[in-house]
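Next come the chains, spelled out residue by residue.
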Amino acid sequence: MRMPVESAAEWEAEAEARKKKLTIIVLTVTVLIVVSQSFELGKEKLLEVTSEDMLPIMKSLFAELTLLGFIGVSLFLVFQLSFVSEISRQLYGDSTALDEVGETVHMVLFLVMVLFLLQAVAMARMGEASRQKWKRWEERTSVLLCRTNERTNEQVNKQSRQKEGTNFSLIFFFA
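Treat the numbers as computed from the prediction; the structure is a model and nothing was measured. (Residues numbered from 1 in each chain as written. Predicted model: local features only at pLDDT ≥ 70, side-chain atom pairs only at ≥ 80, totals over all residues. Heavy atoms only, no water.)

Peer 1: Please explain the overall build of the chain as it appears in this structure.
Peer 2: Broken down by element type, the chain carries four helices and zero strands. Taken from N to C terminus, the helices and strands of the chain fall in the order α-α-α-α. Nonlocal contacts in the chain, meaning residues at least 24 apart in sequence, comprise 55% of its contacts between residues at least 6 apart. Surface accessibility of the chain: about 14,800 Å² in total, with carbon and sulfur atoms responsible for 65%. (Helix = DSSP H or I, 4+ residues; strand = E, 2+ residues; numbered from the N terminus. Contact = heavy atoms within 4.5 Å. Areas by Shrake-Rupley, 256 points an atom, 1.4 Å probe, with all protein chains shown as cover.)

Peer 1: I'm lost on the nonpolar core in this one. Help?
Peer 2: Ranked by size, the top nonpolar core spans nine residues in total: Met58, Leu61, Phe62, Leu65, Leu68, Leu109, Met113, Ala120 and Ala124. Within the residue set of this core, elements represented by two or more residues are helix H2 (55–80) and helix H4 (97–174). Looking at this core element by element, the count peaks at five residues for H2. The contacts of Met58, once residues within four sequence positions are left out, are Leu46, Leu47, Thr50, Ala120, Val121 and Ala124. (Core = buried A, V, L, I, M, F, W, Y, C linked by side-chain atoms within 4.5 Å. Buried < 20%, exposed > 50% of the residue type's maximum accessible area, 1.4 Å probe, protein only.)

Peer 1: Please explain the pattern of salt bridges as it appears in this structure.
Peer 2: Opposite charge on two side chains makes pairing possible when the charged atoms of those side chains draw close. Inspection of every chain in the model, using the stated rule, returns three salt bridges. Note that Glu128 is salt-bridged to Arg131, the shortest N-O span being 2.8 Å. Residue Glu128 and its partner Arg131 are both found in helix H4; the two are separated by three residues, about one turn of the helix. The exposure class assigned to Arg131 is partly exposed, which follows from its relative accessible area of 25%. (Salt bridge = Lys/Arg side-chain N within 4 Å of Asp/Glu carboxyl O.)

Peer 1: Please explain the environment of Ala97 as it appears in this structure.
Peer 2: Mapped onto the elements, Ala97 comes out in helix H4. Sequence separation between Ala97 and Ser85 is twelve residues, and the spatial gap between their C-alpha atoms is 7.9 Å. Ignoring any residue separated from it by four or fewer positions in sequence, one finds Ala97 in contact with Ser88 and Tyr92.

Peer 1: Which parts of the structure should I look at to understand the side chain of Ser88?
Peer 2: Structurally, Ser88 can be placed in helix H3 (residues 82–92). In this structure the side chain of Ser88 is engaged in a polar contact, spanning 3.2 Å, whose partner is the backbone nitrogen of Ala97. Contact partners of Ser88, with chain neighbours within four places excluded, come to Gly93, Asp94, Ser95, Thr96, Ala97 and Leu98. (Polar contact = N/O pair within 3.5 Å; in protein donor to acceptor, adjacent residues only side chain to side chain.)

Peer 1: Explain the packing of aromatic side chains to me, please; I cannot follow it from the model alone.
Peer 2: Within a pair of aromatic rings, the relevant descriptors are the distance that separates the centres and the angle that separates the planes. Under the counting rule described, the total for this entry stands at two aromatic pairs. Measuring from ring centre to ring centre gives 6.0 Å for Phe39 and Phe62, while their planes differ by 80°; the resulting arrangement is edge-to-face. Of this pair, Phe39 sits in helix H1 (residues 8–49) while Phe62 sits in helix H2, placing them 23 residues apart in sequence. For Phe39, a relative accessible area of 40% translates into the label partly exposed. If you follow Lys43 out to its NZ or CZ, it ends over the ring of Phe62, 5.1 Å from the centre. (Phe/Tyr/Trp six-rings, centres within 6.5 Å; stacked < 30°, edge-to-face > 60°. Lys NZ or Arg CZ within 6 Å of the ring centre and 35° of its normal.)

Peer 1: Is there a simple way to explain the layout of surface pockets in this structure?
Peer 2: A water-sized probe, rolled over the atoms, reveals where empty space remains. Of the voids in this model, the largest pocket is the one considered here, and its volume is about 700 Å³. Phe39, Leu65, Gly69, Phe110 and Met113 are, among the 19 residues lining the largest pocket, the residues nearest its centre. Of all elements in the fold, only H1, H2 and H4 reach the threshold of two or more residues within the lining of the largest pocket. Considered class by class, the residues forming the lining of the largest pocket number twelve nonpolar, five polar and two charged. (1 Å grid on protein atoms, 1.4 Å probe; cavity = no way out; pocket = protein on both sides within 12 Å on 5 of 7 lines; lining within 4 Å. Points joined across faces, edges and corners; volume = space filled by probe spheres on them. Nonpolar A, V, L, I, M, F, W, Y, C, P; charged D, E, K, R; others polar.)

The following block contains the structure:
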């Protein structure tokens, strides 16, 4: 059996549609790669500038983001399954109702991830600022203690010299 021969215009239109789809796929993959690499570079830079005290917070942050990302991908895959639209049709009379719920859950999850990221970075920055403040206070206290010790030592030395001078005078007096 022979397939009907397509006209040249239909063939060109189909080829153009395939070319557009391929272009969209390539652009999407390129953007995903650029975003992923930017995220990794940002992560590395953040870990480099983070003090040792705040490093556990940052590591925990990225572990949580990984978990939330896994949950997001899992939800996306579940809502792509065919039985979800069937369940939606039976429950709501519309095969796309659960898809909309899935999109909403996905967006809320993304919002939670962004808020968590912002909160963790803000807490790390506040923690680093507090650490720096305490470090400055500690240095000031050390300087003050050194000065106090120097003054105390000077006073003790002065008093000892005065006592020695008194003892020396008494020796001459009785000699």
